[in-house]
Amino acid sequence: MAKDNQFVEQIADINADFPQWYTDVVRKTKLVDYGPVKGTMIIRPYGYSIWENIQNELNARFKKRGVENAYFPLLIPMSYFTKEAEHVEGFAPEVAVVTHAGGEELSEPLAIRPTSETIIGTMCSKWVQSYRDLPLKVNQWCNVMRWEKTTRPFLRTSEFLWQEGHTVHATAEEAEAETQAMLGIYKEFVENCLAIPVLTGRKTGKERFAGAEATYTMEAMMRDGKSLQAGTSHYLGQNFAKAFDIQFSDSDGALKTAYTTSWGVSTRLIGAVIMTHGDERGLKIPPVVAPIQCVIVPIAARKGGVIEACESLKAELESAGVRVVLDSSDNSPGWKFNEWEMKGVPVRIELGPRDIEAGKMLCARRDTFEKAEYPLENAVESVKALLAQVQKDMLEDARKRREERIVYADDMAGILSAVEAGNFVKAGWCGCRACEDKVKEETAATARVFAEGEHKEKCAVCGKEAKHVIVFARAY
Ligand code: ZN
């Protein structure tokens, strides 16, 4: 039995070395591996399965809003990027460029998409002619490339997977409303499916997407108190519509320029799940996106009838739509408990000869380690109810942890000590860039999001009248 703790010993102490814990967990649970090119990752089946569950949940929500999936090319002519000045400036340092192909130098270099506003804008200028063509709503699931100097699996890699939604509207009001609605959909999805509470709102000008009029974000608190930008929704105004000539003849016959939005979430969300919920034993995956929701571990498996009972329970759960695995390997039960805990499976069922005789099963929750017996005859209902409870409790637990770590500060010293202690800090801000920059220089915290509806007398940096309250935090 000494070997049963081997899995736990493989993972660094979450409280002592969070970055190492993260690296250990993502690799040892087989979520991801490093690619041969620096900054690239291989998403292994266990990790990719989480992504597929995320895709399914989001696709259902997008389609309900009238967004259709499409696919645009990976390669974008460099000239497209130069059409929107702020956009090209913002992305220039990260863009990878193809200059040679087929053994020849290309007449025009081609960018590997860091995002697709330029090419989708170009196509929309062809597709949008009349007010009848609006609104136009497309989304693509794809990979993008942004060359990064320091990288970490899921959080920051040169190539990652995401979805990017792009919409075109007749009026500013409609486009602005779409931007907000998508942020709302993201928030509902992240909270209900990933069990991650998020703060949502507008970004400051400094943190805004290159080329946007306004960027709205959702910010999640990780276990170490750092913030992770979990998704963004941009109101692009007419910036891209003008650059790419997206014009339409309106119902009054006048030729008008359209308004556009874009919005995206990426495989970063998997990093957010790991760092919001994980603990000293490893991953803790919320049931809605867990690749395996329930594992059955036979006890005294060699005894007559045990495996058979486990198999029939598995079949029953499977046919009810539960993602279930029966671990009939020859490892000891203790070994199996540790392994499946490390992999973050929400519910474990233990079934042995005595349970079967009594018509019961023992269920252990990954989130709280609570164990309880349930009658075998209502197994499906019990397991489904338990999964729903785990999902709900994981969100509440994360919310409680976050609420305890959102504090206020009135000066720079206060901001510094609060972020050093792993908090989000709300502070007054006069609105000037110099003060925002100073916070970053002196505390390594950045302005994550406006705290809408809150008021402070003074800017925590310069002492002048505060126009806004900002949530500052160190961030991934
Ligand atoms: Zn100030």
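These numbers were taken from a predicted model, which means no experiment stands behind them. (Residues numbered from 1 in each chain as written. Predicted model: local features only at pLDDT ≥ 70, side-chain atom pairs only at ≥ 80, totals over all residues. Heavy atoms only, no water.)

1. Topic: the domain arrangement of the chain
- For the chain, the assigned domains read domain 1 (27-277), domain 2 (294-394) and domain 3 (406-473).
- The C-alpha-based centres of domain 2 and domain 3 are spaced at 48 Å. (Domains from an automatic or database assignment.)

2. Let's talk about the environment of Leu 58
- As for its position among the elements, Leu 58 is in helix α3 (residues 45-64).
- For the pair Leu 58 and Cys 193, spaced 135 residues apart in the sequence, the C-alpha separation amounts to 9.8 Å. (Helix = DSSP H or I, 4+ residues; strand = E, 2+ residues; numbered from the N terminus.)

3. Notes on the coordination of the zinc ion
- Of the protein atoms, only Cys 430 (SG), Cys 435 (SG), Cys 459 (SG) and Cys 462 (SG) coordinate the zinc ion, at distances of 2.3 to 2.4 Å.
- Considering all four donor atoms around the zinc ion, the spread of angles at the metal, 103 to 114°, places the coordination shape in the tetrahedral class.
- Looking at Cys 462, the relative accessible area reads 35%, which means it is partly exposed. (Donors = N, O, S within 2.8 Å, 3.2 Å for Na, K, Ca; no water. Tetrahedral: all angles 85-135°; square planar, octahedral: opposite > 155°, others 65-115°. Buried < 20%, exposed > 50% of the residue type's maximum accessible area, 1.4 Å probe, protein only.)

4. Things to note about helix α14 (residues 412-420)
- Among all positions of α14, only Met 412, Gly 414, Ile 415, Ala 418 and Val 419 are buried. Projected down its long axis, α14 carries its buried residues within an arc of 160°, all on one side. Away from its buried face by more than 90 degrees, α14 exposes Ala 413 and Glu 420.
- In this structure, the buried residues of α14 make contact with β20 (406-409), β21 (424-429), α15 (433-443) and β23 (468-473).
- Among the residues trailing α14, Gly 422 stands out with phi positive, at a value near 80°. (Arc of directions from axis to C-beta. Contact = heavy atoms within 4.5 Å.)

5. Concerning the nonpolar core
- With 56 residues, the main nonpolar core has Leu 31, Ile 54, Phe 154, Leu 194 and Ile 274 as its most contacted residues.
- Per-domain counts for this core show at least three residues from each of domain 1 (27-277) and domain 2 (294-394).
- The contacts of Ile 274, once residues within four sequence positions are left out, are Trp 21, Tyr 22, Val 25, Val 26, Leu 31, Phe 154 and Leu 283. (Core = buried A, V, L, I, M, F, W, Y, C linked by side-chain atoms within 4.5 Å.)

6. Concerning the sheet that holds strand β11 (residues 227-237)
- If you walk across this open sheet you meet the seven strands as β3-β7-β8-β14-β11-β10-β9, and the pairing is mixed. Two strands in the sheet have a free side with no partner beyond their single neighbour: β3 (68-69) and β9 (198-202).
- The pairing of β3 with strand β7 (residues 136-145) spans two bridges and is classified as parallel. When the bridges of β7 are listed, Glu 68 appears paired with Val 138.
- Relative to β7, α3 is tilted by about 165°, and along the sheet it contacts β3, β7, β8 (159-169) and β14 (259-266). (Pairing = 2+ DSSP bridges. Axes fitted to C-alpha atoms, helices over the stretch in contact; angles between N-to-C directions.)

7. Section: the environment of Thr 276
- Among the structural elements, Thr 276 can be located in helix α9 (residues 268-277).
- Each C-alpha atom of the pair Thr 276 and Ser 262 lies 26 Å from the other, and the pair is 14 residues apart in sequence.
- With near-sequence residues (within four places) excluded, Thr 276 lies in contact with Ile 196, Met 221, Met 222, Arg 223, Ala 398 and Arg 401.
- Among the polar contacts made by the side chain of Thr 276, one reaches the main-chain carbonyl oxygen of Ala 272 at a distance of 2.6 Å. (Polar contact = N/O pair within 3.5 Å; in protein donor to acceptor, adjacent residues only side chain to side chain.)

8. Structural notes on the sheet that holds β21
- Overall, mixed pairing links the four strands, which are arranged β20-β21-β23-β22 in an open sheet. Single-partner strands in this sheet number two, and they are β20 and β22 (446-450). Here the average twist between neighbouring strands, direction ignored, is 40°.
- The pairing of β20 with β21 spans four bridges and is classified as parallel. Opposite Tyr 408, over in β21, you have Lys 426 as the bridge partner.

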